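Below, each chain spelled out in residue letters.
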Amino acid sequence: MTPGDTLRSVHVDTERTWGGGQRQVVWLARGLAVRGHPTWVVARRGSRYADALRGSGVTVVALDPVMEWDLVAAARIGALAHRVGATLIVAHAAHAAALSALATVGSDRTLVVTRRVALPIRPGAPSRWKHRRARRIIAVSGRVRDVLVAGGVPEGRIRVVHSGVDLSRPAEPAAPETLRALGVDPGLPVAVMVSSLVPPHKDPATFVRALAFARCERPDLQGLIVGGGPLFAETARLCGELGLQDAVHLAGHRDDAERLLAAATVAVLSSRDEGLGTTLLDAMLWGVPVVATAAGGVREVVRDGVDGLLSPPADGDRLGRNVVAVLSDAVLRSRLVANGRSRVAEFSAERMVKASIDVYRDALYSARC
């Protein structure tokens, strides 16, 4: 594999929901196609991929596996790769890694797995096998790399490629009527957190407690959580217990999450651990000051006191104090916003695509040696 060779790759992500990982695959696939690399994306029927990739030169192939180790689905991925002459299969989620690993059996196709979460690798022979099949594993942060190494993956097969954001996207804040429909007064400050509500790494309770603390000094402050998951009901109950049911609003999963974040007075992320935290990059791009917990890969994005303010995970009071500081100090706020806009340029989708291509070429080259 030489630097000028064309890559023909099949990318697999059959998750049922649309989130930050799927957005990364769209930017990656577009970037590959623009550079003349034929690209196919395997996704669930009815997913947002088809619309997101329309007109980009990327072909979306529908596939609905019934389980992680679906042999029929894996065979279809392998048949697709054979039919289009793809030499590379790239998996972008945990279940996709199993299907893609199976799809390479009995062929000379090379597997690359992208790991976006800081969750430990599941123990057991099946998990070890699918990771051994991968010629290279892309970790979206140093934190994810460290978790992979702790799980037994040889560090020499891991490459860190930070997730990126499309720097050309303008800020398109949600309209006032949209905010009002969610219970938010557009004339008052609002702290917005865009995050799935899935344990163990997501921690919306700390966001709620931070708002309770901050409202002691800023009673006009509102909160908006955009995202769904198993912690939704528990979070709603906590809002009620703290008397915040009229101040902290839970929007659930929303297709306009980016527009809601762009309308924030301050962007907050209160995770216990994170692969990277790309919603913070979105906020920086759009000039929204960032307050977050120093959780996992977040520390690779946000420099405390430079691009945003960080506090220890699970410390609602410290997080709330930082929210108040950003709201109350215009000089601090302006400095964080200016530095954030400079910082986000280091995490462009363009850089992510170029670095990913380097890993793919490395994987193909090593497979032939």
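Residues numbered from 1 in each chain as written. Predicted model: local features only at pLDDT ≥ 70, side-chain atom pairs only at ≥ 80, totals over all residues. Heavy atoms only, no water.

**Q** I'd like to hear about helix α13 (residues 316–328), residue by residue, with values.
**A** Under the 1.5 Å per step criterion, the end-to-end length of α13 is 18 Å for 13 residues, consistent within 8% with the ideal 18 Å. Those residues of α13 not exposed but buried are G316, L319, G320, N322, V323, V324, V326 and L327. Buried residues along α13 sit against α8 (204–214), β11 (266–269), β12 (290–293), β13 (309–311) and α14 (330–344). Measuring from the backbone nitrogen of D317 back to the side-chain oxygen at the start of α13 gives 3.4 Å, which picks out D315 as the cap. (Helix = DSSP H or I, 4+ residues; strand = E, 2+ residues; numbered from the N terminus. Expected span 1.5 Å × (residues − 1). Buried < 20%, exposed > 50% of the residue type's maximum accessible area, 1.4 Å probe, protein only. Contact = heavy atoms within 4.5 Å. Polar contact = N/O pair within 3.5 Å; in protein donor to acceptor, adjacent residues only side chain to side chain.)

**Q** I'd love a proper account of the packing of α8 against α13, names of residues and values included.
**A** At their nearest, the axes of α8 and α13 sit 7 Å apart, and the two run at 55 degrees to each other. Judged on the interaxial angle alone, α13 and α8 are oblique. As for how α8 packs across α13, the hand of that crossing is right-handed. Residues T206, F207, R209, A210, F213 and A214 of α8 lie in contact with α13, whose contacting residues are G316, D317, L319, G320, R321, V323 and V324. A per-class count over the contact of α8 with α13 returns seven nonpolar, three polar and three charged. (Axes fitted to C-alpha atoms, helices over the stretch in contact; angles between N-to-C directions. Parallel < 35°, antiparallel > 145°, perpendicular 65-115°, else oblique. Left-handed = near helix turned anticlockwise from the far one by under 90°. Nonpolar A, V, L, I, M, F, W, Y, C, P; charged D, E, K, R; others polar.)

**Q** Describe the nonpolar core, and please don't skip the residues or the numbers.
**A** One finds V10, F207, L224 and Y360 to be the most contacted residues of the largest nonpolar core, which totals 109 residues. If you tally residues by element for this core, the top one is helix α15 (residues 349–368), at eight residues. Ignoring sequence-local partners within four residues, the contact set of V10 consists of W40, V42, L80, A81, V84, A86, L88, I89 and V90. Core analysis: the second largest hydrophobic core is formed by 11 residues, W18, V26, A43 and A52 among them. (Core = buried A, V, L, I, M, F, W, Y, C linked by side-chain atoms within 4.5 Å.)

**Q** Quick one: what's the story with the packing of helix α11 (residues 278–285) against α14, residue by residue and with numbers?
**A** Where α11 meets α14, the closest approach of the two axes is 8 Å, and the angle between their N-to-C directions is 120 degrees. Regarding α11 and α14, the two cross each other, and that crossing is left-handed. Only G340, R341, R343 and V344 of α14 make contact with α11, whose side of the interface consists of L281, M284 and L285. Here the contact of α11 with α14 is composed, by residue class, of four nonpolar, one polar and two charged.

**Q** So what's going on with the sheet that holds strand β8 (residues 190–194)? Which residues, and what values?
**A** Strand order in the open sheet formed by six strands is β10-β9-β8-β11-β12-β13, and the pairing between neighbours is parallel. Looking at strand neighbours, the two that pair on one side only are β10 (248–252) and β13, the edges of this open sheet. Pairwise comparison of adjacent strand axes, ignoring direction, gives a mean angle of 20 degrees for this sheet. Bridge analysis of β8 against strand β9 (residues 222–226) gives five bridges, and the strand direction is parallel. Across the sheet, V190 pairs through a bridge with Q222, a residue of β9. Each of β9 and β10 is contacted by helix α9 (residues 232–241), which is oriented at about 165 degrees to β10, the strand it contacts most. With respect to the sheet, α13 is in contact with β11, β12 and β13, its orientation differing from that of β13 by roughly 165 degrees. (Pairing = 2+ DSSP bridges.)

**Q** Explain unusual backbone geometry residue by residue, including any values.
**A** Along the chain, P199 connects to P200 via a cis peptide bond; the corresponding omega equals 0 degrees. Of note, P200 is situated in the loop between β8 and α8. With a phi angle near 70 degrees, A314 is a residue other than glycine that sits in the positive phi range. In this fold, A314 is placed in the loop between β13 and α13. Classification of A314 by relative accessible area gives partly exposed; the value is 41%.

**Q** Any chance you could break down the pairing of strand β2 (residues 39–43) for me, citing the residues and the numbers?
**A** In terms of residue burial, β2 counts as a mostly covered element, since five of its five residues are buried. With burial as the criterion, each face of β2 is covered, one bearing T39, V41 and A43 and the other bearing W40 and V42. Here four bridges tie strand β1 (residues 9–12) to β2, and the two strands are oriented parallel to one another. If you follow V12 over to β2, its bridge partner there is V42. Across four bridges, β2 lies against strand β3 (residues 59–62) in parallel orientation. Bridge assignment links A43 to a residue of β3, and that residue is A62.

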